[in-house]
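Structure assessment
In case you want the letters, here they are:
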Amino acid sequence: MTFSSIQVFHSSRPPNAFLRATATSSSSSSNAQTFVASFGVSSRIWGSVGGNSCRLKCGTRFRTMAMVKDGGERTEDHPLIDDSMDTFNNSQIKDLPAKMRERDFAGTPYVPVFVMLPLGVINMDCELVDPEGLVDQLRILKSINVDGVMIDCWWGIVESHSPQVYNWSGYRRLFQIVRDLNLKLQVVMSFHECGGNVGDDVHIPLPGWVTEIGLSNPDIYFTDREGRRNAECLSWGIDKVRVLKGRTAVEVYFDYMRSYRVEFDDFFEDGIISEIEVGLGPCGELRYPSYPAKHGWRYPGIGEFQCYDKYLMKSLTEAAEVRGHSIWARGPDNAGSYNSTPHETGFFRDGGEYDSYYGRFFLNWYSQTLVDHADRVLALANLAFEGTYIAAKLSGIHWWYKTASHAAELTAGFYNPANRDGYAPIAAMLKKHEAALNFTCVELRTLDQHEDFPEALADPEGLVWQVLNSAWDVCIPVASENALPCHDREGYNKILENAKPLNDPDGRHLSAFTYLRLSPALMETHNFAEFGRFVKRMHGEEVSDLQVDPEKTHAEGMDDQVAP
């Protein structure tokens with residue numbers, strides 16, 4: 001999956017309008033002991049952990065990740081960002097295309113910026129790799145007022161050898177370094193395999209004792225129509241089935257999260273850990289593994305449904321019987337293959353079977369299974385991390401978005417055809433658990449996709465607009481990250497535009513942004529200078545080299561300011 005560097009594009013059209021499904025979320029009033037017992041988990045109730053919250057305009061109490069910097073705090077100077085930054089910015093402005101015009105974000109809300117740490121910062125023995133080099137890099141990030149870092153806590157490292165035997169040693173040393181530098185932590189509970197996806201430069205499999213179970217029972221993994229297994233993560237069909245040495249999948253996830261909470265209690269109490277992002281599928285994202293490169297998928301293929309393990313097929317059979325149509329206990333037989341296009345298939349083509357009685361039944365079941373999985377895991381995450389903010393990540397599947405069926409989204413579990421808002425049910429579920437939504441691809445521009453892959457009928461801008469508004473409509477915090485490496489001003493400007501929408505009457509904005517990721521390329525002088533400029537604008541600070549249109553500066557200046 002490749003994309004060219006992002007080019008300049010200013011669209012004069014408003015974002016796409018969508019039919020909105022009315023989503024009503026309900027608060028769970030069940031007793032925690034009864035709830036946990038329904039999953040077979042110990043019903044002990046632990047003391048709460050202190051946490052601050054703020055009241056959004058909708059009246060629901062939620063956290064805000066917009067942090068206020070101490071007025072007297074000074075950050076350490078570093079040779080990489082002193083005179084070279086100003087020199088680079090002053091010279092770069094002369095080279096900018098005349099048609100590029102930038103908004104002035106000075107005085108806009110403070111959006112915290114985090115940076116993902118390298119995938120291999122902790123090795124398979126749970127040891128911190130090159131701590132001295134990491135300290136130097138974190139000091140450089142601190143010097144431009146980056147708020148914190150994001151780190152994956154890999155299930156395949158921590159619980160690698162035996163069930164419920166956890167080794168957190170390398171993470172503790174890492175967290176101590178972050179605390180000493182007065183940075184914050186976003187921590188990901190990574191219950192998936194690392195390796196084989198775009199940007200993966202290390203391989204971290206699932207725990208060895210889990211893969212041993214998979215050798216004798218491969219149905220614990222997601223499976224496609226041809227019977228190919230995907231060991232990247234566990235099938236949601238075993239969420240409540242005791243096939244993991246006497247435990248269900250959700251019990252395994254809960255035990256892991258609770259062990260983490262106990263191990264790092266001091267970091268929670270000190271407020272160093274600002275958020276826990278809970279992995280819910282491949283790449284830590286809430287989706288089916290519908291487009292695996294290991295099975296030959298290439299962009300912009302529509303992908304394949306992943307429901308053919310025996311546990312999910314049993315669930316589908318039960319749903320069909322309840323519906324009164326046992327013949328529907330099957331996956332679509334005309335949905336093409338990984339690299340098909342929608343119009344090549346009987347299921348996804350315009351007027352295809354996706355919109356038939358059977359198609360609607362199947363897609364409802366398939367997407368509801370996704371929502372139910374997140375519902376279970378996030379409920380237990382709230383018990384494990386009581387008082388700490390949790391989040392879930394959604395992938396930005398923007399290709400084939402301008403077709404009626406939205407085929408690539410359907411195979412990934414997002415029931416989002418042109419006549420239905422498939423993200424509203426997910427937002428309502430997140431609202432129920434007071435969880436934030438983290439969404440990707442905010443740096444991508446629709447025109448770039450049309451130029452590079454016109455056949456994909458992609459619309460990342462339309463997708464971002466839809467997903468962000470589905471979340472904001474139910475008043476949950478929305479954070480974001482870039483989908484691909486970004487070092488250019490055009491990409492950063494697009495992120496800023498999405499982070500702080502122009503003329504939003506409610507002043508809505510992202511709660512945080514996480515940059516993908518710390519790397520030698522980011523640390524190159526020109527790239528780092530551009531990133532430092534971006535951080536200042538995300539924080540609502542003034543930059544000296546703003547490229548503006550003199551004729552519009554006065555007219556747009558007032559509109560660009562969003563009230564804090």
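Looking at an unreviewed UniProt entry, one finds the protein chain named Beta-amylase and attributed to Trema orientale. Under the heading Sequence similarities (unreviewed entry), UniProt records this for the protein chain: "Belongs to the glycosyl hydrolase 14 family."

A count of helices and strands for the protein chain gives 17 helices and 12 strands. For the protein chain, the residues scored as buried account for 58% of the 564 residues in total. Taking as baseline every contact in the protein chain between residues at least 6 positions apart, the subset at least 24 positions apart corresponds to 79%. In the structure as shown, the protein chain presents an accessible area of about 22600 Å², 50% of it carried by carbon and sulfur atoms.

What follows is about the pairing of strand β3 (residues 113-116). Here β3 shows a buried face lined by V113 and V115 and a second buried face lined by F114 and M116. With three bridges connecting them, β3 and strand β4 (residues 148-154) associate as parallel partners. Bridging from a neighbouring strand, F114 pairs with G148 of β4. Each parallel crossover has a hand, and the one from β3 via helix α3 (residues 131-143) to β4 is right-handed.

Moving on, we get to the pairing of β4. The element β4 is largely enclosed, with a buried count of seven among its seven residues. As paired strands, β4 and strand β5 (residues 184-190) are joined by seven bridges and run parallel to one another. Bridged to V149 within β5 is L185.

Another point: the UniProt feature "active site" (unreviewed entry) in the protein chain. Mapped onto the present numbering, the UniProt feature "active site" (unreviewed entry) falls on E285 and E481. A compact arrangement is adopted by the annotated residues: their sequence extent is 197 residues, whereas the largest C-alpha distance between any two is 12.3 Å. If we skip the residues at most four places from it in the chain, E285 touches L280, Y291, K393, S395 and T440. Mapped onto the secondary structure, E481 falls in strand β11 (residues 478-481). When residues no more than four places from it in sequence are discounted, the contact partners of E481 are M116, K393, N438, F439, T440, C441, V442, F513 and T514.

Cut-off values and rules
- Residues numbered from 1 in each chain as written.
- Predicted model: local features only at pLDDT ≥ 70, side-chain atom pairs only at ≥ 80, totals over all residues.
- Heavy atoms only, no water.
- UniProt positions renumbered as here; feature names shortened; annotations may be inferred.
- Helix = DSSP H or I, 4+ residues; strand = E, 2+ residues; numbered from the N terminus.
- Buried < 20%, exposed > 50% of the residue type's maximum accessible area, 1.4 Å probe, protein only.
- Contact = heavy atoms within 4.5 Å.
- Areas by Shrake-Rupley, 256 points an atom, 1.4 Å probe, with all protein chains shown as cover.
- Pairing = 2+ DSSP bridges.
- Right-handed = clockwise from strand over helix to strand, strands pointing away.

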